[in-house]
Amino acid sequence: MIVSLLIFLGLLLLGMPVVFAIGIAGFVFFLLTPGLQPVMPVQLALSETQNFALLAIPTFILAGNLMNEAGVTRRLVQFATLLTGHLAGGLGQVSVLASTLMGGVSGSAIADANMQARVLGPEMQKRGYTPGFIAALQGFTGLLAVMIPPSIALILYGSIGQVSIGRLFAGGIGVGLLLALVFMLVVAFLAKKRQYPRERASRAPTREIASAFLASFWALIFPLILLVTLRGGVFVPSEVGAAACVYALILGSVVYRELGKAGLVRALKQSVADIGMVSFLIACSALIGYAMKWEMWPQKLGQFLVGLQLETTLVVLAVLLALLVLGTVLDSTVMIILTTPILVPAMKALGVDLVHFGVLMALTCAIGLLTPPVGLSMYAVCSIMRCSVAEYLREGWPLLVAVLATILAALLFPPLVTTLPDLLFHR
C-alpha cells in the first residue's frame, strides 16, 4: 500500500489529473499484492458504479441543470434582491441569500459559485466592489450548496458510509442557515467599512415581496419537498432524485414555460459531463478503497483513535484539521470518496454521531475548493472576475474565518446539526 501511495503522490506532483493518479495507484496495488487477481480492478470499478444508492447523484445533477434552464436562477435572485437589497452592501447580501436559495437547486458548490459570479459579478463590479472581493464572496457562498439539500457531498458520504441521507439533508440545513447568517454579518461589516452601496433606499413593499415569492414559490419549496418525501417514506434517495427531474421538467415546461428544446439539450449535455466526471472518480476510487479495506486501515485507525483516550470532541477536531490540510491538495469529492470508508468505522468506534460528523466533514472537505493549490472553485471565480489568486486570498480571508468559526460552533454545539434530523426522522 505504501508503494501505491508513493506512486499516487508522485503522479500528482507530475501534474497528472487526480482521477488517473488514483486509478493507476490502485491498479499497482493489485499487481503487487499476492492473492489478488489482476482482473479484480476492472470488476471493482464496474461494480462500484452500479451501487443503487449512488443513483441519486446523476438524477439530482440533472434536476439541478434542468431547473437552472427553467428560469429558476433569475427568479431566486429577484426575490433575494427584494428581501436584502436595502441592507448594507446590498448586492453582497443578495449574493449570500441567493446562494442559500440556490443551494436547494444546484447541490454543487462549484456550480453555484460559477453561476453567481456570472449573474451578479458584473453588476457588483459596476457598484464599486473589487474583483477580488466578488470572487471570494461568490466562491465562499457556494459552500452553502454543500449544506442545503440536495447536497451531492452529503449524498456521497451517506451512500458510501451507509448513513441516512434524509437525516444528513436535515442536519445540513441548520449549519447552512448559520453559515449564511455569518456571511451576511461579514458582508455588512465590510460594506460599512468600505462604503459599498445599498441596492435599495428602503425595504421593498410587502406586495412586491409577495409577488416575487409567488413567482419563485415552486423553486423555494424544493428542499422541503425532498425532506417531506424522504421522511414520509414516499421515496428513497435514489427515487426522489428521479422525481426531482420530473418536477424540474414540469416546472420548466408547464409552470414557467421557459424550458425549450435548446435549454433541455444544454441541460442534458452539462449533466452528461458532470455525471461522467463523478462516476469516473467513484469507479477509480473503488480500487484505493478496496486496498484500504484489504490492509484493514479503518480498523487500525479506529483502534488508534480509541487508544489515544482523548475527549471525543478533540479527536473529531483533529480529524477535521487533517481533512482541512488534505483539502489543499485533493478535490473535495475525491476526499469524501477516499476517506469515508476509513473515517466512518473509526467514528462509530468512538461513539460519534455519524450524521453530525458527516455534515462537519462535508463542509470541511469543501473548503479545499477555495484554497490553493487545487481549489477548483477558486480558479473558476478568479477566471470569471479576471482577478489574481493573490487578490482573491487577500479579500477572502474574513470569509474563510467565518466558515471555520461556523464549523467550530457546530462541533462544540451538536444540536445545531442533530435537532432537525431527530425531529423529522427516527433513529
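What counts, and where the lines are drawn
Residues numbered from 1 in each chain as written. Predicted model: local features only at pLDDT ≥ 70, side-chain atom pairs only at ≥ 80, totals over all residues. Heavy atoms only, no water. Helix = DSSP H or I, 4+ residues; strand = E, 2+ residues; numbered from the N terminus. Rg over C-alpha atoms; globule rule 2.2 N^0.38 Å. Buried < 20%, exposed > 50% of the residue type's maximum accessible area, 1.4 Å probe, protein only. Areas by Shrake-Rupley, 256 points an atom, 1.4 Å probe, with all protein chains shown as cover. Disulfide = S-S within 2.5 Å. 1 Å grid on protein atoms, 1.4 Å probe; cavity = no way out; pocket = protein on both sides within 12 Å on 5 of 7 lines; lining within 4 Å. Points joined across faces, edges and corners; volume = space filled by probe spheres on them. Nonpolar A, V, L, I, M, F, W, Y, C, P; charged D, E, K, R; others polar. Salt bridge = Lys/Arg side-chain N within 4 Å of Asp/Glu carboxyl O. Core = buried A, V, L, I, M, F, W, Y, C linked by side-chain atoms within 4.5 Å. Contact = heavy atoms within 4.5 Å.

Visitor: Sorry, what's going on with the overall build of the chain here?
Guide: When its secondary structure is counted, the chain shows 23 helices and 0 strands. Taken over the C-alpha trace, the chain has a radius of gyration of 21 Å; the compact-globule value for 427 residues is 22 Å, and the two agree within 12%. With the principal axes as the frame, the chain shows a C-alpha extent of 70 × 45 × 45 Å. Here the chain holds 427 residues, and 54% of them are scored as buried. When the accessible surface of the chain is summed, it comes to about 18,400 Å², and 68% of that surface belongs to carbon and sulfur atoms.

Visitor: What exactly am I supposed to notice about the state of the cysteines here?
Guide: Note on terminology: a disulfide is the covalent bond linking the sulfur atoms of two cysteines. Counted by the stated rule, this structure contains 0 disulfides. In this structure Cys-365 is a free cysteine whose sulfur lies 19 Å from that of Cys-284, the closest cysteine sulfur available.

Visitor: Sorry if this is basic, but what is going on with the layout of surface pockets here?
Guide: Over the atoms rolls a probe the size of a water molecule, and in doing so it shows where empty space is left. Estimates place the volume of the second largest pocket at around 410 Å³. If you trace the second largest pocket, you find 20 residues lining it, with Glu-48, Ile-160, Gly-161, Lys-293 and Pro-341 closest to the centre. Only α3 (40–49), α10 (152–161), α16 (261–294) and α19 (332–350) provide two or more residues apiece to the lining of the second largest pocket. In terms of residue class, the lining of the second largest pocket is built from 9 nonpolar, 8 polar and 3 charged.

Visitor: Where do I start with the pattern of salt bridges in this structure?
Guide: Pairing between side chains becomes possible if they bear opposite charge and their charged atoms approach one another. Scanning the entire structure with this criterion turns up 6 salt bridges. For the salt bridge of Glu-258 with Arg-75, the shortest nitrogen-to-oxygen distance reads 3.0 Å. A residue pair is termed long-range when its members are at least 10 positions apart, and Glu-258 in the loop between α15 (237–255) and α16 and Arg-75 in helix α5 (residues 72–84) qualify at 183 residues. Under the relative-accessibility criterion, Arg-75 is labelled buried at 13%. For the salt bridge of Lys-126 with Glu-123, the shortest nitrogen-to-oxygen distance reads 3.5 Å. Of this pair, Lys-126 and Glu-123 both sit in helix α7 (residues 109–126), 3 residues apart, which is roughly one turn of the helix. Residues participating in the shared-partner salt-bridge network are Glu-123, Lys-126 and Arg-127.

Visitor: For this particular structure, what's the right way to read the nonpolar core?
Guide: In summary, soluble globular proteins display a tendency toward joint burial of nonpolar side chains. Ile-57, Tyr-157, Phe-183, Met-347, Phe-357, Tyr-392 and Val-403 are the most contacted members of the largest nonpolar core, which has 144 residues in total. Among the elements that make up this core, the one with the highest residue count is helix α11 (residues 165–194) (13 residues). Those residues in contact with Phe-183 that sit more than four places away from it in its chain are Val-96, Phe-140, Thr-141, Leu-144, Leu-399, Ala-402 and Val-403.

Everything listed here is a matter of coordinates, which is why it stays silent on function.
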